[in-house]
Amino acid sequence: MTELLNEDNEEKGIENTSLKDLNIDNIRDQHFDITIVGGGIHGAGVAQAAAAAGYSTLLLEKTGWAAGTSSKSSKLIHGGLRYLQGGHFKLVRESLHERELLLRLAPHLVEKNEFLVPVYKRSHYRPWQLWCGLSLYYALTGFTNNGRFRILSKSQRAALNGLDTQNLQSVFQYIDAQTDDAELTEAVALSAQQLGAQLACPVTLLSASRENNKTNLKLNSNGENFSASTSILINCAGPWVNDVAKTLSPTVPTLPVELVQGTHLVLSAPIIDRYYYLESPSDQRAVFLLPWKGKMLLGTTETAFAGDPSQARALDSEEAYLLDILKHYFPDAKPVVERRMAGLRVLPKASGNPFRRSREVVLSRNLGPTSHYIAVYGGKLTGYRATAEKVVQLAQKTLGKRQRIADTADLVLPEIN
Ligand SMILES: Cc1cc2nc3c(=O)[nH]c(=O)nc-3n(C[C@H](O)[C@H](O)[C@H](O)COP(=O)(O)OP(=O)(O)OC[C@H]3O[C@@H](n4cnc5c(N)ncnc54)[C@H](O)[C@@H]3O)c2cc1C
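Residues numbered from 1 in each chain as written. Predicted model: local features only at pLDDT ≥ 70, side-chain atom pairs only at ≥ 80, totals over all residues.

Draft legend 1. A look at the overall build of the protein chain. Within the protein chain, the regular secondary structure consists of 9 helices and 19 strands. Compactness check: the protein chain gives a C-alpha radius of gyration of 22 Å against a globular reference of 22 Å for 417 residues, within 12% of the reference. If you line up the protein chain on its principal axes, its C-alpha atoms span 70 × 45 × 35 Å. Expressed as a percentage of the 417 residues in the protein chain, the buried residues total 45%. Long-range pairs, those at least 24 residues apart, make up 74% of the contacts in the protein chain between residues at least 6 apart in sequence. (Helix = DSSP H or I, 4+ residues; strand = E, 2+ residues; numbered from the N terminus. Rg over C-alpha atoms; globule rule 2.2 N^0.38 Å. Buried ≥ 20, exposed ≤ 12 C-beta atoms within 10 Å, placed from the backbone. Contact = placed C-beta atoms within 7 Å.)

What follows is the structure, given as structure tokens:
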């Protein structure tokens with residue numbers, strides 16, 4: 001299957017290469033149309049979209065591809081059923097559209113699964129409410145097969161391994177998709193490289209200053225300082241977004257943000273071969289229990305975070321919260337926690353519960369006819385391609401159009417060796 005996909009790209013004149021080792025000489029004292037800081041999913045996506053649009057592109061990552069939040073997500077390529085509750089229909093429709101694209105363009109990385117939502121007499125939601133929500137989800141897919149849902153029969157419910165069936169009213173089944181977030185990020189970065197982008201890892205942006213219509217970049221790799229320049233700088237540094245912004249001169253606009261930690265547990269037991277969307281009985285948050293590479297992934301939490309993003313660590317209280325939910329739904333489970341992962345969400349500062357806040361990406365840029373700085377705040381793994389295209393459209397206003405090489409909506413993602 002992947003060979004067929006690679007052939008599809010080769011027909012478009014795109015060579016099937018592997019990720020190249022860093023060669024500073026390809027960057028030192030060079031000028032790029034677009035430079036992106038951060039090799040998470042957004043940075044990789046913007047590099048792919050920029051190179052596809054014909055711009056000379058440099059992608060900088062200080063630690064490793066997907067070293068930040070993009071390897072610590074719930075690994076779902078989804079519309080986000082729960083966002084309907086907050087009325088975020090545009091976000092859900094766009095995410096469902098991107099889900100369909102990724103199922104087509106990266107079948108080796110994105111897999112469709114059936115998710116189960118149990119509803120009990122004590123659940124916050126009534127079965128009719130979930131039915132309405134899933135009908136809307138179906139409508140937002142454009143009434144495609146992947147939007148269909150159903151209610152399990154009593155005998156199907158009885159076959160659910162270990163799920164508490166006392167006072168169970170209904171179990172809904174709907175479709176969403178799962179990926180390996182770090183591999184997806186690497187595949188998108190590799191796709192950018194195949195389109196001509198320079199990938200630079202490990203390279204840290206130390207500072208940048210604007211002079212004579214270009215931004216001079218001070219870079220460091222393994223202790224060696226060097227320079228390059230760019231017409232437009234795109235800040236995709238995730239939880240470090242405002243730290244990177246502070247190193248730029250003259251100053252650029254920043255948005256006040258909150259960092260919210262989300263922890264997942266990797267369980268080696270119990271192994272449950274179904275995908276569950278569960279409601280936390282204590283605070284009604286959505287928590288996923290998902291088969292993951294022969295283990296189970298249980299998450300996530302929402303804990304306010306302050307300090308250095310690289311120091312984010314799962315807390316014992318988060319583990320206890322997640323295990324309580326597991327035991328609530330699977331009373332006989334004897335969970336074995338193998339590993340804990342903590343990722344940071346970037347949410348624009350606002351009052352109220354972070355769980356209810358929009359996950360919509362926010363783009364910030366310096367204004368004026370020669371806008372040369374764009375920052376990506378927040379967003380979703382699922383929507384990376386749509387976000388990247390919006391960023392490149394903004395960059396195009398300053399740089400003008402180039403000869404397009406490819407269309408990201410039509411570009412299969414390469415396999416990572
Ligand atoms: C717990 C959790 C679960 C989630 N689950 C899902 C999900 O299931 N589905 C979904 O669609 N979305 C999900 N999301 C959202 C999604 O994971 C994030 O929106 C996305 O990963 C953010 O990617 P990013 O590229 O913006 O940031 P990051 O992945 O954090 O990348 C930023 C990169 O910038 C680099 N960097 C920082 N400073 C510099 C510098 N000076 N020089 C060079 N490089 C630098 C860092 O090393 C890092 O690699 C989840 C988020 C969280 C927190």
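Draft legend 2. A look at unusual backbone geometry. Residue Pro250 is reached from Ser249 by a cis peptide bond, and omega for that bond is -5°. Within the fold, Pro250 resides in the loop between β11 (248-249) and β12 (257-269). Looking along the chain, the bond that leaves Gly299 and enters Thr300 is cis, with omega of 25°. Structurally, the position occupied by Thr300 is in the loop between β15 (295-299) and β16 (303-305).

Draft legend 3. Region of interest: the packing of helix α2 (residues 41-52) against helix α9 (residues 384-399). Between α2 and α9, whose axes approach to 8 Å, the crossing angle comes to 55°. Comparing the axis directions of α2 and α9 gives the class oblique. Taken as a pair, α2 and α9 cross one another with a handedness that is right-handed. Across the interface between the two elements, Ile41, His42, Gly45, Val46, Gln48, Ala49 and Ala50 from α2 touch Tyr384, Arg385, Thr387, Ala388, Glu389, Val391, Val392 and Ala395 from α9. When grouped by side-chain class, the residues that make up the contact of α2 with α9 number 9 nonpolar, 4 polar and 2 charged. (Axes fitted to C-alpha atoms, helices over the stretch in contact; angles between N-to-C directions. Parallel < 35°, antiparallel > 145°, perpendicular 65-115°, else oblique. Left-handed = near helix turned anticlockwise from the far one by under 90°. Nonpolar A, V, L, I, M, F, W, Y, C, P; charged D, E, K, R; others polar.)

Draft legend 4. A look at the site of the ligand. In the vicinity of the ligand, 38 residues are found, and the nearest of them are Gly38, Gly40, Gly68, Gly238 and Gly262. Elements with a minimum of two residues in the shell around the ligand: α2, β8 (204-211) and β17 (336-348). Summarising the domain contributions, the shell around the ligand has at least three residues from each of domain 1 (2-69 + 182-255 + 359-410) and domain 3 (257-348). (Near = placed C-beta within 6 Å. Domains from an automatic or database assignment.)

Draft legend 5. Molecular detail of the pairing of strand β9 (residues 214-221). With 7 bridges connecting them, β8 and β9 associate as antiparallel partners. Counterpart to Ser207 in the pairing with β9 is Lys218. Here β8 hands over to β9 after 2 residues, with Asn212 in that stretch at a positive phi of 45°. As defined by bridge partners, β9 adjoins strand β10 (residues 224-235) across 7 bridges and the pair is classed as antiparallel. Looking at β10, one finds that Asn216 is bridged to Ser229. Counting the residues that bridge the hairpin from β9 to β10 gives 2 residues, and of these Asn222 lies at a positive phi of roughly 45°. (Pairing = 2+ DSSP bridges.)

Draft legend 6. Representation of the environment of Ala159. With respect to the helices, strands and loops of the structure, Ala159 is situated in the loop between α5 (154-158) and β6 (168-179). What makes Ala159 exposed here is the crowd of 10 C-beta atoms within 10 Å.

Draft legend 7. Spatial organisation of the pairing of β15. Most of β15 sits out of view: 4 of its 5 residues are buried. The sheet contact formed by β12 and β15 spans 4 bridges and is antiparallel. Note that in β15 the partner of Leu265 across the bridge is Leu298. Note: strand β14 (residues 286-292) against β15, 5 bridges, orientation antiparallel. Paired with Leu290 across the two strands is Leu297, which belongs to β15. As consecutive antiparallel partners, β14 and β15 are separated by 2 residues, and within that stretch Lys293 has a phi angle of approximately 50°, a positive value.

This is a description of form; function is not addressed.
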